[in-house]
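In case you want the letters, here they are:
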2 protein chains.
Amino acid sequence: MINTSDSLEILVQEFSKLPSIGRKTALRISMYLLKASNEEVEYFSKALINAKEKIKFCVICCNITEDDVCKICLSEKRLKKQICVVEEPQDVIAIEKTNEFKGVYHVLHGRISPLDGIGPNEIRISELIDRLKDDEKPVEEIILALNPDVEGETTILYLNKLIKPLGIRITRIARGIPIGSELEFADQVTLAKALEGRVSV
Amino acid sequence: MINTSDSLEILVQEFSKLPSIGRKTALRISMYLLKASNEEVEYFSKALINAKEKIKFCVICCNITEDDVCKICLSEKRLKKQICVVEEPQDVIAIEKTNEFKGVYHVLHGRISPLDGIGPNEIRISELIDRLKDDEKPVEEIILALNPDVEGETTILYLNKLIKPLGIRITRIARGIPIGSELEFADQVTLAKALEGRVSV
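On a predicted model such as this, the values are computed, not experimentally measured, just so you know. (Residues numbered from 1 in each chain as written. Chains lettered and ligands numbered in written order. Predicted model: local features only at pLDDT ≥ 70, side-chain atom pairs only at ≥ 80, totals over all residues. Heavy atoms only, no water.)

*Asks:* Run through the overall build of chain A, naming residues and quoting values.
*Replies:* Along its length, chain A carries 8 helices and 6 strands. The order of α-helices and β-strands along chain A, N terminus first, is α-α-α-β-β-α-β-α-β-α-β-α-β-α. Against the compact-globule benchmark of 17 Å for 201 residues, chain A has a radius of gyration of 22 Å, which places it well outside the compact range. Once the C-alpha set of chain A is aligned to its principal axes, its extents read approximately 65 × 50 × 35 Å. Buried positions account for 42% of the 201 residues belonging to chain A. Pairs at least 24 apart in sequence give 45% of the contacts found in chain A among residues at least 6 apart. Here chain A displays about 11800 Å² of accessible surface, and carbon together with sulfur accounts for 54% of that area. (Helix = DSSP H or I, 4+ residues; strand = E, 2+ residues; numbered from the N terminus. Rg over C-alpha atoms; globule rule 2.2 N^0.38 Å. Buried < 20%, exposed > 50% of the residue type's maximum accessible area, 1.4 Å probe, protein only. Contact = heavy atoms within 4.5 Å. Areas by Shrake-Rupley, 256 points an atom, 1.4 Å probe, with all protein chains shown as cover.)

Rendered as structure tokens:
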């Protein structure tokens, strides 16, 4: 008999299921919500159901949206001939924050990871290839902005093999030393890639 | 235009309000929930509303409960003459986990903290004094299990002044070196309190 309320126990268990929340944080959050006003908790609960109901995937780029086509794909200001391929919708938000990219996106919703049972058919690769084959909207460049780890590299190799025959330029974002970090603390592989990818000053 | 969905933005903002969750974690959790099944999200949302609706405070000890009187106060196995005073319901859970305490609790729902505008009337002190003055259920010992910081000490001093005239034994939980830690890393105050509170072997 640790908890004196079953409803609280259920709520704590639900919060514990979320990523990066352990049991202690779940309890802390639950207690916080019990002290919040009824209106606040109702609003929170509605936000949850609302987001789940309204959000779907853009029919063009597979990013999350509330309409059939997302705001980025609809925008006339974005260059449709440049597609940046990312793993998750979060990555779109991260790149948008830079204000540097004027093209459009394609969200794979994962990466090829045979160990986790995720093959090319489990992620949105066929949708990307269909976009590239559309002659009405020719694509000039594919920028691969995948995470620089084993699964990301595997996905890049696979995509490269599929896209190269289409005659489209394929690039990948630079791997190197992060801004503000110190050379002496960089790992060997990052440093090697930074040397390899050196550019003229 | 960073987020492509307003519902998502609202959900992320709601999660960001919770303690120990920053914007990045909020986004990560929101994305996780968008990928979860409709049933799971509905269950989560219901758990939230349900806990908020059902949970109230025990009329005796002010701990959270779904009935008028909590399970601990109702239990015949618990010693009613020993009351452990804690700051928050979480503290009851922490002490219950030890399986060492057989008495009952009193939850203050805070501690005296003049800097935050919390005086003795803002927390459940009068309810505690009413319990102690009840002649039908005489209390023999009050164990103060408050957090050992400035606000906790202030609250202990205040309670001591109120309870002493009632002729009830007042104790506080030991302050000392935590099990498994090393002496050399203990702070001076903790070490001093550990020396002061030494017991015969």
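*Asks:* I'd like a description of the pairing of strand β6 (residues 169-172) of chain A, backed by residues and values.
*Replies:* All names here are of chain A. The pairing of strand β5 (residues 141-144) with β6 spans 4 bridges and is parallel. Its bridge partner lying in β6, Ile142 is registered against Ile170. In this region the chain leaves β5, passes through helix α7 (residues 150-163) and returns to the parallel neighbour β6; the handedness of that crossover is right-handed. (Pairing = 2+ DSSP bridges. Right-handed = clockwise from strand over helix to strand, strands pointing away.)

*Asks:* Tell me about the nonpolar core, and please be specific about residues and values.
*Replies:* In terms of nonpolar packing, the biggest core is built from 42 residues, with Phe15, Leu18 and Leu33 of chain A together with Phe15, Leu18 and Leu33 of chain B touching the most fellow members. Secondary-structure elements contributing two or more residues to this core are α1 (6-16), α2 (23-35) and α3 (38-54) of chain A together with α1 (6-17), α2 (23-35) and α3 (38-54) of chain B. Once residues within four sequence positions are removed from consideration, Leu33 of chain B is found in contact with Leu18, Leu48 and Lys52 of chain A together with Phe15, Val41 and Phe44 of chain B. Core analysis: the next-biggest nonpolar cluster, separate from the first, contains 33 residues, Cys84, Ile95, Ile129 and Ile163 of chain A among them. (Core = buried A, V, L, I, M, F, W, Y, C linked by side-chain atoms within 4.5 Å.)

*Asks:* Please set out helix α5 (residues 89-98) of chain A residue by residue, giving values where relevant.
*Replies:* Inspection of α5 of chain A places Pro89, Asp91, Val92, Ile93, Ile95 and Glu96 of chain A among the buried residues, and these make up the whole buried set. Those residues of α5 of chain A that are buried lie in contact with β2 (64-65), α4 (71-74), β3 (79-86) and β4 (103-107) of chain A together with α2 of chain B. Taken from the residues just after α5 of chain A, Asn99 of chain A is the one with a positive phi, measuring 60 degrees.

*Asks:* Before we move on, can you summarise the sheet that holds β5 of chain A with the specific residues and values?
*Replies:* Residues and elements named next belong to chain A. The parallel open sheet is built from 4 strands, whose spatial order is β4-β3-β5-β6. Looking at the sheet topology across the chains shown, the edges are occupied by β4 and β6. Taken pair by pair, the neighbouring strands of this sheet meet at an average axis angle of 25 degrees, ignoring direction. α5 contacts β3 and β4 of the sheet and is inclined by roughly 160 degrees relative to β4. Along the sheet, α7 contacts β3, β5 and β6; its crossing angle with β6, the most-contacted strand, is approximately 170 degrees. (Axes fitted to C-alpha atoms, helices over the stretch in contact; angles between N-to-C directions.)

*Asks:* Just give me the short version of the confidence of the model for chain A, but keep the residues and values in it.
*Replies:* Caution is warranted with low-pLDDT regions, since their predicted coordinates should not be read in detail. On average, residues of chain A score 90 in pLDDT, and 99% of them are at 70 or above. Scored by ipTM, the complex comes to 0.78, with pTM at 0.77. (pLDDT = per-residue confidence, 0-100.)

*Asks:* Just give me the short version of the pattern of salt bridges, but keep the residues and values in it.
*Replies:* Using the criterion set out here, one finds 28 salt bridges over all chains in the structure. With a shortest N-O distance of 3.3 Å, Arg111 of chain A and Glu87 of chain A are connected by a salt bridge. Of this pair, Arg111 of chain A sits in the loop between β4 and α6 (125-133) while Glu87 of chain A sits in the loop between β3 and α5; the two residues are 24 residues apart in sequence, bridging distant segments of the chain. Residue classification places Glu87 of chain A among the buried positions, given a relative accessible area of 2%. The shortest N-O distance in the salt bridge between Glu153 of chain B and Arg172 of chain B comes to 2.8 Å. Placement of Glu153 of chain B in helix α7 (residues 150-163) and of Arg172 of chain B in strand β6 (residues 169-172) is noted, with a sequence separation of 19 residues between them. A relative accessible area of 30% means that Arg172 of chain B is categorised as partly exposed. Connected via shared salt-bridge partners are Glu87, Arg111, Asp149 and Glu151 of chain A. (Salt bridge = Lys/Arg side-chain N within 4 Å of Asp/Glu carboxyl O.)

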